[in-house]
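Notes for the structure review
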Amino acid sequence: MLRYTLRRILYALPIMLGVSLVCFLLVHIAPGDPLVSVLPPDATEALRRQMAELYGFDRPLPEQFLRWLARALGGDLGTSIATARPVASEVFRAVGNTVTLAAFATAIGFTLGAIFGFVAGYFRDSPVDRAASALAVLGVSVPHYWLGMVLVILFSAQLGWLPATGAGPGGSTEWAWDWEHFRHLILPAVTMSVIPMGIVARTLRALVAEILSQEFVMGLRARGLSEFAVFRHVVKNAAPTALAVMGLQLGYLLGGSILIETVFSWPGTGFLLNAAIFQRDLPLLQGTILVLATFFVVLNLVVDVVQTALDPRIRRA
Amino acid sequence: MAEPVLEIRGLEVTYRRGAERIRAVAGLDLTIGPGEAVALIGESGSGKSVTLRQVLRLDPERTTEVAGSIRVCGEEVGKLDAAGLRRLRGGRVGMVFQEPLLALDPVYTVGQQIVEAIRAHEPVSRAEARARALELLRLVHVPSPERRLDAYPHELSGGLRQRAMIALALSCRPRLLLADEPTTALDATVQIQVLLLLRELQERLGLAILFVTHDIGAAVEIADRIAVIYAGRIVEEGPVRSVIRSPLHPYTRGLLASRTEGALVKGRRIAAIPGSPPDLARPPPGCAFAPRCSLALEACSRQVPKLETPVPGHAVRCLRAREWAASPA
Ligand SMILES: Nc1ncnc2c1ncn2[C@@H]1O[C@H](COP(=O)(O)OP(=O)(O)OP(=O)(O)O)[C@@H](O)[C@H]1O
Ligand code: SF4
Ligand SMILES: [Mg+2]
């Protein structure tokens, strides 16, 4: 297991190197003087010189890359053009917000999806199954920004129960564990949870039905185990796949939330990416992409390792 | 005679599949006394597995119609409530399947599964149950049982896996063991070892065994009696020696004639008997074997022959059996 983990980490290194190279080249892909793409049009001469030195544009490319990489590893991702604040702190605050949103959405979606999926798989072709399946299909097929707007109209505009936008009172962009912030989280998290709910429900329904059709389930019944004990066996058999699906869904939500973050003005990475593109804030874009890509590689690694750890057939192989 | 461990009377099992009704078992009688081993033989699709499953009522009730009576140690299986059924399954009757790799839960260790089965039936501590699990693995001659207790099914060889399955089936000291082709999935040498183990358990524990086999040699090795099943009915039943030496039913004769060719292999037609078993969705009115029987008379297809005992203890379901029972071949 330890060896597998180490090997898996070793495999991730070249991927990370490639990712950072692409991020680095982003600035150089833009036509013309790379400085033009890094600096605002009305940059002062002092800033221009400072940036040129910072990026070391006069040196050969490989050396530039190594220097940039070394700085990035040290946590220095440059300075945002729009806010003049360090990119690293902007990105990490956004990452924190996105992770909070995605984690809540996944938790809600996984819980509901698992319940629907298990019920539907257990009572296949019964009315309960049809109801649960219909709900799941609805979850996957409804456009979520549309659902977001409907929820906003209903719960914010009509009922006035929940705030429509932002991450906290008074336009706060910093997450805090209090009721006021939590209220801001509810609508975007519920909107977002619909996607993993549908996918988890569909996967688990098929999985549970498949497990129940296996001979060992009859074996369990033939031993006089209670229906609850049989259920426990089914859960343990379904767990590795269910967790893998959940991990992938979490990963998916961490990256694919531009629409929802925009609808709810949630200050996460999607929102930040959107802003960086529209403001031509290249250092910010570079930093955001690098952090997001790193995140995906690490997430894949964790999902693989955890799934392996849970499945004895792979674990001891 | 002591009370039978298993007594099946007029068992009928019909599966509904869409508009079709498949009569897999059509009036089956079978009695097994304490400590007796009975081999159930017959072609693929004749209803052997269905009969075994019915003893534990393992088929979904929604799509299965069952008539007749099954008594285990005097208790009517069809009348048991959920708790009674759980006591019956595993407690009175243990079951061994053909392919232990499929019949054991792949993500639980052998020990966990035995401990779970014991604790489902008896109020014992985990440690106590584990000690008994170890004892059970010794009983079925699993080498280094401490290590095997913590192994997952896929980590064991085929033979060890089937031994573990047998240990699991015996974990709550049942009086009857149902074994559906317990050796078919194993290598030839391992098959013999498992058969000898079953024989030994029968003698040591006074265990009654009902086992399905395609191997007449295995039946002779282990069984006290042989029951031959055709299209959901027992067509011949008697002591091993009597059935093997002087079979009374034309179908049994065909089976025995074909054994040298290994023709009872699952899914394969029996060479010595031309034709194939009847469509169970449209069973013929008389003797189900009549379309394939070279000795059939007109009367054979009019009504189902009754089970008769032309030789004491040796029953047969054939109109003409008395003719050759009187003058043994
Ligand atoms: N759940 C079911 N639904 C519908 N038909 C079934 C079902 N189970 C068994 N049958 C049918 O009942 C008949 C008897 O099946 P069974 O499994 O008892 O055969 P078998 O004697 O065990 O054969 P084999 O030697 O191949 O294992 C077959 O024709 C089979 O198709
Ligand atoms: S009853 Fe008739 S058809 Fe059936 S086995 Fe006997 S002789 Fe053949
Ligand atoms: Mg069978």
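Keep in mind that this is a model prediction, so the values were computed, not measured.

Bringing the overall build of chain A into the picture now. Tallying secondary structure elements over chain A gives 14 helices and zero strands in all. Listing every helix and strand of chain A by position from the N terminus yields α-α-α-α-α-α-α-α-α-α-α-α-α-α. Across its three principal axes, chain A shows a C-alpha extent of roughly 80 × 55 × 35 Å. Here chain A, with 317 residues, has 44% of them falling under the buried criterion. Expressed as a percentage of contacts within chain A between residues at least 6 apart in sequence, the contacts between residues at least 24 apart total 71%. Approximately 15,900 Å² of chain A is accessible, and the part contributed by carbon and sulfur atoms is 70%. A distance of 10 Å separates the average location of the 23 positive side-chain charges in chain A from that of its 20 negative side-chain charges.

Another point: the interface of chain B and chain A. The interface of chain B with chain A comprises 28 residues on the first partner and 19 residues on the second. When chain B packs against chain A, close to 2,300 Å² is buried across both sides, 58% of that on carbon and sulfur atoms. Per-residue buried area on chain B facing chain A is highest for F97, V107 and E116 of chain B; these three make up 23% of the total on that side. Summed over the shared surface of chain B and chain A, the result is one salt bridge.

All names here are of chain B. Where strand β1 (residues 6-17) and strand β2 (residues 20-32) come together, ten bridges link them in antiparallel fashion. By the bridge assignment for β2, I8 is matched with L30. The antiparallel pairing of β1 with β2 creates a hairpin that spans two residues between the two strands, and G18 there sits at a positive phi of about 65°.

What follows covers the packing of helix α4 (residues 110-121) of chain B against helix α7 (residues 158-169) of chain B. Residue and element names in this part refer to chain B. Running from N to C, α4 and α7 point in directions that differ by 15°, and their axes come no closer than 9 Å. Regarding the angle of α4 to α7, the classification is roughly parallel. Note on packing geometry: the crossing formed by α4 with α7 is right-handed. Judged by residue contacts, V110, Q113, I114 and A117 of α4 engage A164, A167 and L168 from α7. Of the residues contributing to the contact of α4 with α7, the split by class is six nonpolar, one polar and no charged.

With that settled, consider helix α12 (residues 269-278) of chain A. Here α12 of chain A has its buried residues at T269, G270, L272, L273, N274 and A276 of chain A. With its phi angle positive at about 50°, R280 of chain A sits one or two positions after the end of α12 of chain A.

The next subject is the environment of L160 of chain B. Residue and element names in this part refer to chain B. Tracing the sequence through the fold places L160 in helix α7. You can call L160 buried: its relative accessible area is 13%. In this structure L160 touches V142, P143 and R148, once residues within four positions along its chain are discounted.

What follows concerns the sheet that holds strand β4 (residues 64-72) of chain B. Residues and elements named next belong to chain B. Taken in spatial order, the four strands of this open sheet run β2-β1-β4-β5, and their pairing is antiparallel. The open sheet has two edge strands with one neighbour each: β2 and β5 (75-76). Contacting β1, β2 and β4, helix α1 (residues 48-55) crosses the sheet at an angle of about 110° to β1.

What follows concerns the site of ligand 2. Neighbouring ligand 2 are 13 residues, the closest being C287, C293, C300, C318 and L319 of chain B. Tallied by class, the residues present in the shell around ligand 2 amount to eleven nonpolar, one polar and one charged.

Moving on, we come to the pairing of strand β7 (residues 176-180) of chain B. Residues and elements named next belong to chain B. With five of five residues buried, β7 is to be regarded as a mostly interior element. The pairing of strand β6 (residues 93-96) with β7 spans four bridges and is classified as parallel. From the neighbouring strand, M95 faces β7, where its bridge partner is L178. Relative to strand β8 (residues 208-212), β7 is paired through five bridges, and the arrangement is parallel. Within the sheet, the bridge partner assigned to L176 lies in β8 and is A208. Read from β7 through helix α8 (residues 188-205) to β8, the crossover connection turns out right-handed.

Cut-offs applied
Along each chain, numbering runs from 1 in the same order as the chain's sequence is written. Think of it this way: whatever chain is written first is A, whatever ligand is written first is 1, and the rest follow in order. Note on the predicted model: pLDDT of at least 70 is required for a residue's local features to be given, and 80 or more for side-chain atom pairs to be given and counted; whole-chain, interface and lining totals, by contrast, use all residues. Hydrogens and water are ignored here; the side-chain numbers use all heavy atoms of the structure. Numbered from the N terminus, helices here are DSSP runs of H or I no shorter than four residues, and strands are runs of E no shorter than two. Exposure is judged per residue with a 1.4 Å probe applied to protein chains only, and the accessible area is read against the type maximum: over 50% gives exposed, under 20% gives buried, and values in between give partly exposed. The contact criterion used is simple: two residues touch if any of their non-hydrogen atoms lie within 4.5 Å. Per-residue and other accessible areas follow the Shrake-Rupley method at a 1.4 Å probe size, with only the shown protein chains counted as cover for residues. Counting rule for charge: Lys and Arg are taken as positive, Asp and Glu as negative, and neither His nor the chain ends is counted. Every charge is mapped to an atom, namely NZ of Lys, CZ of Arg, CG of Asp or CD of Glu. Accessible surface is computed with a 1.4 Å probe, and the buried area is the amount of it that two parts give up when combined, taken over both parts together. Criterion for a salt bridge: a side-chain nitrogen of Lys or Arg within 4 Å of a carboxyl oxygen of Asp or Glu. Only strands that DSSP links by at least two bridges are regarded as paired with each other. In this description, a line fitted to the C-alpha atoms serves as the axis of each element, helices being fitted only across the stretch in contact, and the angle between N-to-C directions of two axes falls anywhere from 0 to 180 degrees. Angle categories: roughly parallel below 35 degrees, roughly antiparallel above 145, roughly perpendicular from 65 to 115, and oblique for all the rest. The sense of a crossing depends on the near helix, which, turned anticlockwise from the far helix by less than a right angle, makes the crossing left-handed and, turned clockwise, makes it right-handed. Residues are sorted three ways: Asp, Glu, Lys and Arg are charged, Ala, Val, Leu, Ile, Met, Phe, Trp, Tyr, Cys and Pro are nonpolar, and all the rest, Gly among them, are polar. Being near a molecule or strand, for a residue, comes down to having at least one heavy atom within 4 Å of it. Here the term right-handed applies to a crossover when the path leading from its first strand over the helix to its second strand runs clockwise, the strands being oriented away from the viewer.

Note that all results are geometric; they support no functional claim without further evidence.
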